[in-house]
Amino acid sequence: MTDTTRPIRIGLQLQPQHADYRTIRETASAAEDLGVDIIFNWDHFYPLYGDPDGKHFECWTMLGAWAESTSRVEIGALVTCNSYRNPELLADMARTVDHISDGRLILGIGSGWFEKDYDEYGYEFGTAGGRLDDLAKALPRIESRLGKLNPAPTRKIPVLIGGGGEKKTLKLVAKHADIWHGFGDPETVERKVGILKQHCADVGRDAAEIEISTGVQGEPDELGPKLRGLGVSLFTVGVGGPDYDLGLLKKWISWRDAQNG
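What you see is a predicted model; the values in this text were computed from it and never measured.

1. Examining the overall build of the protein chain
And then number 1: Along its length, the protein chain carries 9 helices and 9 strands.
And then number 2: For the C-alpha atoms alone, the extent of the protein chain along its principal axes is close to 45 × 45 × 40 Å.
And then number 3: Within the protein chain, the proportion of its 261 residues that are buried is 53%.
And then number 4: Here the contacts in the protein chain between residues at least 6 apart in sequence split such that 75% fall between residues at least 24 apart.
And then number 5: Looking at the protein chain as shown, the accessible area adds up to about 11,500 Å², and 49% of this sits on carbon and sulfur atoms.

2. Describing the nonpolar core
And then number 1: Core analysis: the largest hydrophobic core is formed by 61 residues, its most contacted members being Leu14, Val36, Trp60, Trp66, Phe235 and Leu249.
And then number 2: Sequence-distant contacts of Phe235, that is, excluding residues within four places in its chain, are made with Ile8, Arg9, Ile10, Gly11, Thr214, Val216, Gly224, Leu227, Arg228, Trp252 and Trp255.
And then number 3: Listed in part, the 7 residues of the second largest apolar core include Ile38, Phe40, Leu78 and Leu160.

3. Regarding the packing of aromatic side chains
And then number 1: This model, assessed by the stated rule, comprises 12 aromatic pairs.
And then number 2: For the pair Phe235 and Trp252, a centre-to-centre distance of 5.3 Å together with 25° between the ring planes defines the contact as stacked. You can see Phe235 sitting in strand 9 (residues 232-239) and its partner Trp252 sitting in helix 9 (residues 247-260), a full 17 residues away along the chain. Per residue, the accessibility class of Phe235 equals that of Trp252, and both read buried.
And then number 3: Here the aromatic cluster, defined as three or more aromatic residues joined through ring pairs, consists of Phe45, Tyr46, Tyr84, Tyr118, Tyr121, Tyr123 and Phe125.
And then number 4: In this structure, Arg131 is placed above the aromatic ring of Tyr118, and the distance from its NZ or CZ to the ring centre is 5.9 Å.

4. What to know about the pattern of salt bridges
And then number 1: Following the criterion strictly, the structure yields 17 salt bridges and no others.
And then number 2: With its nearest N and O atoms 2.9 Å apart, the salt bridge here joins Lys116 to Asp53. With Lys116 in helix 4 (residues 115-121) and Asp53 in the loop between strand 2 (38-41) and helix 2 (59-69), this residue pair connects regions lying 63 residues apart in the sequence.
And then number 3: For Lys116, a relative accessible area of 23% corresponds to the partly exposed category.
And then number 4: A residue is classified by how much of its surface remains accessible, and Asp53, at 57% relative accessible area, is exposed.
And then number 5: Arg85 is the partner of Glu58 in a salt bridge, and the nearest nitrogen-oxygen pair spans 2.8 Å.

5. Side note on helix 6 (residues 169-176)
And then number 1: Most of helix 6 sits inside the fold, with 6 of its 8 residues counted as buried.
And then number 2: Within helix 6 the residues assigned to the buried category are Thr169, Leu170, Leu172, Val173, Ala174 and His176.
And then number 3: Considering only its buried residues, helix 6 is in contact with helix 5 (128-146), strand 6 (159-162), strand 7 (179-182) and helix 7 (186-203).

6. Quick notes on the layout of surface pockets
And then number 1: Taken as a whole, the largest pocket spans an internal volume of roughly 840 Å³.
And then number 2: Lining the largest pocket are 34 residues, and of these Gln13, Leu78, Trp113, His181 and Phe183 sit closest to its centre.
And then number 3: Those elements giving two or more residues to the lining of the largest pocket turn out to be strand 4 (80-81), helix 5, strand 8 (211-216) and strand 9.
And then number 4: The class makeup of the residues in the lining of the largest pocket is 15 nonpolar, 17 polar and 2 charged.
And then number 5: What the second largest pocket holds in volume is close to 240 Å³.
And then number 6: Along its surface, the second largest pocket is lined by 16 residues, and Asn82, Ser83, Gly130, Arg131 and Asp134 are the ones closest to its centre.
And then number 7: Grouping the amino acids of the lining of the second largest pocket by side-chain chemistry returns 4 nonpolar, 6 polar and 6 charged.

7. Considering the pairing of strand 9
And then number 1: Taking burial as the measure, the 8 residues of strand 9 include 7 buried ones, the bulk of the element.
And then number 2: Sheet analysis places strand 1 (residues 9-14) next to strand 9, joined by 6 bridges and oriented parallel. By the bridge assignment, Leu14 is partnered in strand 9 with Val239.
And then number 3: Strand direction decides the pairing type here: strand 8 and strand 9, joined by 5 bridges, are parallel. Across the sheet, the residue bridging to Gly215 is Thr236, located in strand 9.
And then number 4: In this fold, strand 8 hands off to helix 8 (residues 220-228), which returns the chain to strand 9; that crossover is right-handed.

Reading the values: rules and limits
- Residues numbered from 1 in each chain as written.
- Predicted model: local features only at pLDDT ≥ 70, side-chain atom pairs only at ≥ 80, totals over all residues.
- Heavy atoms only, no water.
- Helix = DSSP H or I, 4+ residues; strand = E, 2+ residues; numbered from the N terminus.
- Buried < 20%, exposed > 50% of the residue type's maximum accessible area, 1.4 Å probe, protein only.
- Contact = heavy atoms within 4.5 Å.
- Areas by Shrake-Rupley, 256 points an atom, 1.4 Å probe, with all protein chains shown as cover.
- Core = buried A, V, L, I, M, F, W, Y, C linked by side-chain atoms within 4.5 Å.
- Phe/Tyr/Trp six-rings, centres within 6.5 Å; stacked < 30°, edge-to-face > 60°.
- Lys NZ or Arg CZ within 6 Å of the ring centre and 35° of its normal.
- Salt bridge = Lys/Arg side-chain N within 4 Å of Asp/Glu carboxyl O.
- 1 Å grid on protein atoms, 1.4 Å probe; cavity = no way out; pocket = protein on both sides within 12 Å on 5 of 7 lines; lining within 4 Å.
- Points joined across faces, edges and corners; volume = space filled by probe spheres on them.
- Nonpolar A, V, L, I, M, F, W, Y, C, P; charged D, E, K, R; others polar.
- Pairing = 2+ DSSP bridges.
- Right-handed = clockwise from strand over helix to strand, strands pointing away.

Shown next, in the form of structure tokens:
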């Protein structure tokens, strides 16, 4: 799990809050022009910070639009909330966006956590453990439906699972994910990588098959080498509206280019 042979990739989480859609679309295009590898949004119905009732747009409708308005970057949600869509429907949506984008979709998914979304849109919030159990049931259904659709996806759609729960979430990562996305300082990442490695051993999977992703807020020259040494290869910068500042993203792209040679 400390394999550093994967090329470094840089992601942008373009948070669809507090901005007009035109600005969001233009920022996605600007990030693609800068050379970012992946552009994510998120799957919520209300802003997570700032005015709680501010402007906000839906996740998967936007991904379909990005599939047409971009041409090179991979796209996806960081992350889809499993609770909001039937697993078979989500698989079909992912396959469709995969085709629209000519094979650039990453299927990011997690168990969900933002209670206001659930309350306002009529979903049962339940418990964190129950939502994780639902995710565990949904992932095989998504995989099965992807195998039945006509036409089939253009490629094996990469599955990204987000979250750091050590008993349930990381076990699901070991079983189902191509990419694990976590958060925290290097010490936290190191501990969770070790736990993920053990889960992989338990299910007989080579842990090196899983790309390690993390959200970053600090300077790349300081933070990058520490996380890289732990096996992280996907570094994602988050930006919110109404004015999307890509200054930090530019620094991480420059660092990536210097490291990848």
